[in-house]
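Fold and geometry: a report
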Amino acid sequence: MTGPARRIPTLVVLPAHTLLLDVAGPVEALRKANQLQGALRYDVSFVSPLPQVTSSVGLRLADLSPLPETVKPGTMIVVCGDTKDILGHEADGDIEAWHTGDDAIVAWLRRVVAPGIRLVTICAGARLAARAGLLDGHACTTHFSDCAELAEIAPTARVLENRLYVEDGERFSSAGITAGIDLMLHIIAKDAGPATAAAVARFLVVYLRRAGSDPQLSPWLTGRNHIHPAIHRTQDAITADPAHDWSLDELARIAVTSPRHLSRLFNEHVGMSLPDYVNRLRVALAAELLVGSRADMERVAEQSGFNSARQLRRAWTRIHPTPPSAARRAAAH
């Protein structure tokens, strides 16, 4: 019997002229993550120093909760970006001034963000975190048009351009607009596992992607940049239990297709054969066991689905330039 879900308080901070997609995209990813698994739940609240704000498309967002006096350890704070250009109000003076309430957000962030609190900035939300001094000494990013300003606000921060998102300790930042979804998928993968992140991405019909200078895509997410439902069902089954002795016939039954057709579809949409895909995930599982346990190589091989340590080493060297033992040594330093 499983225990209660781990709950992650999530405060979404809305400035006066919130970019609507900065809110809707990341929070939609969290909503779907809550639906797809039961191990954890993101408890989302929308907070602001203003009782209502006007979004970038002119839609009013009302009944917002005030900025809380205290924030529990383990909370994730998501600071959304803003804009001075509001659809339908370009020349009007009937909406709150741009940056209204920003000082209150900055002061609140400075007061409540402490070790144990994850700070996530979407797009221009990084400016508010920088004004609070919370990006000093950290790597970060923002919308390409704001990178220079961010570097001026936080001269000791390492502002990285041409990055979809950056993780540095408990600081997470994304580039413009849709990159907030990429960042939230990354966070979901860390919290709930890569299979959940892949399923959320598939629901949103977005790719799990990285910028060219980012670390390599997780092996758990390799080959998921397609929308073929039968292949995703097959990959979901393998990801859930890589060590299982998968046969082509068994996987074909999951995909509801013939073995021959499944092999052809898999090569076409994933870019590798089914045996290669299974071995990649087994190697990934072995890597986690090497780093996270003291099991010897034979035991690691057995738990990750290989018949022997020798078979594991052969599969490993097709993917990694160094032997499995090097991964354990590197993790120990």
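Up top is the structure these notes are about.
Everything in this summary refers to the structure shown in the same document. (Residues numbered from 1 in each chain as written. Predicted model: local features only at pLDDT ≥ 70, side-chain atom pairs only at ≥ 80, totals over all residues. Heavy atoms only, no water.)

A count of helical and extended segments in the protein chain gives 13 helices and ten strands. Overall, the protein chain is about 70 × 45 × 40 Å in size when its C-alpha atoms are taken along their principal axes. When burial is assessed residue by residue, the protein chain has 48% of its 333 residues classed as buried. Contacts in the protein chain between residues far apart in sequence, at least 24 positions, make up 63% of those at least 6 positions apart. (Helix = DSSP H or I, 4+ residues; strand = E, 2+ residues; numbered from the N terminus. Buried < 20%, exposed > 50% of the residue type's maximum accessible area, 1.4 Å probe, protein only. Contact = heavy atoms within 4.5 Å.)

So, on to a nonpolar patch on the surface. A grouping of Val57, Leu59 and Leu87 is seen on the molecular surface, where their side chains present a nonpolar patch of about 270 Å² in accessible area. Structurally, Leu59 is set in the loop between strand E3 (53-54) and strand E4 (60-61). (Patch = residues over 30% accessible without salt bridge, like charges linked within 9 Å, V, L, I, M, F, W, Y side chains within 5 Å. Areas by Shrake-Rupley, 256 points an atom, 1.4 Å probe, with all protein chains shown as cover. Salt bridge = Lys/Arg side-chain N within 4 Å of Asp/Glu carboxyl O.)

Take the packing of aromatic side chains next. Tallied over the full model, the rule gives one aromatic pair. When the centroid spacing of 5.3 Å and the interplanar angle of 70° are considered together, the rings of Phe266 and Tyr277 count as edge-to-face. You can see Phe266 sitting in helix H9 (residues 259-270) and its partner Tyr277 sitting in helix H10 (residues 274-292), a full eleven residues away along the chain. Accessibility classification places Phe266 together with Tyr277 in one group, the buried group. Across the ring face of Phe203, the terminal group of Lys32 is positioned such that the distance to the ring centre comes to 4.0 Å. (Phe/Tyr/Trp six-rings, centres within 6.5 Å; stacked < 30°, edge-to-face > 60°. Lys NZ or Arg CZ within 6 Å of the ring centre and 35° of its normal.)

Among the secondary structure elements, Met297 is positioned in helix H11 (residues 297-303). For Met297 and Arg118, which are 179 residues apart along the polypeptide, the C-alpha to C-alpha distance reads 36 Å.

Let us now look at helix H2 (residues 102-112). An α-helical turn contains 3.6 residues, so a residue and the one three or four places further along point in the same direction. Along H2, the positions that sit buried rather than exposed are Asp102, Ile105, Val106, Trp108, Leu109 and Val112. One face of H2 carries all of its buried residues, which in axial projection span an arc of 165°. Buried positions along H2 lie against strand E1 (6-13), strand E5 (76-79), strand E6 (118-121) and helix H3 (125-131). (Arc of directions from axis to C-beta.)

Quick look at unusual backbone geometry now. A positive phi angle is found at Cys123, which is not glycine, with a value near 55°. For Cys123, the location among the structural elements is in the loop between E6 and H3. A positive phi is found at Val256, a non-glycine position, where the angle reads about 55°. You can see Val256 is positioned in the loop between helix H8 (248-255) and H9.

This next bit is on the side chain of Ser56. Looking at where Ser56 falls in the secondary structure, it is placed in the loop between E3 and E4. On the accessibility criterion, Ser56 (14% relative accessible area) is buried.

Let us look at the pairing of E1. Within a regular strand, side chains alternate between the sheet's two faces. In this sheet, strand E2 (residues 40-47) lies alongside E1 in parallel orientation, the contact comprising eight bridges. Paired with Val12 across the strands is Phe46, a residue of E2. For the crossover that starts at E1, traverses helix H1 (residues 20-36) and ends in the parallel E2, the hand is right-handed. Relative to E5, E1 runs parallel, the two sharing four bridges. Note that in E5 the partner of Leu11 across the bridge is Ile77. (Pairing = 2+ DSSP bridges. Right-handed = clockwise from strand over helix to strand, strands pointing away.)

Next up on the list: the nonpolar core. Of all hydrophobic cores here, the largest spans 37 residues; its most connected members are Leu14, Tyr42, Met76, Val120, Met184, Ile187 and Ile188. Listed by contribution, the elements that provide at least two residues to this core are E1, H1, E2, E5, helix H5 (179-192) and helix H6 (194-204). Look past the residues within four positions of Leu14 in its chain and what remains in contact with it is Val23, Phe46, Val47, Ser48, Pro49, Val53, Leu61, Leu64, Cys80 and Ile105. (Core = buried A, V, L, I, M, F, W, Y, C linked by side-chain atoms within 4.5 Å.)

With that out of the way, let us pick up the sheet that holds E6. Spatially, the six strands line up as an open sheet ordered E2-E1-E5-E6-E10-E9, and their pairing is mixed. In the strand order of this sheet, the two ends are held by E2 and strand E9 (165-168), each with one partner. Averaged over all pairs of adjacent strands, the angle between their axes in this sheet comes to 15°, without regard to strand direction. Where E9 meets strand E10 (residues 171-174), four bridges bridge the pair, whose relative direction is antiparallel. Considered in E10, the bridge of Tyr165 is made with Ser174. Along the sheet, H1 makes contact with E1, E2 and E5, crossing E2 at roughly 150°. (Axes fitted to C-alpha atoms, helices over the stretch in contact; angles between N-to-C directions.)

For H1, which comprises 17 residues, the first-to-last C-alpha distance of 24 Å matches the rise-based estimate of 24 Å (1.5 Å per residue) to within 8%. Turning to H1, its buried residues number three or more, namely Asp22, Val23, Gly25, Pro26, Val27, Ala29, Leu30, Lys32, Ala33 and Asn34. Those residues of H1 that are buried are in contact with E1, E2, E5, H5 and H6. (Expected span 1.5 Å × (residues − 1).)

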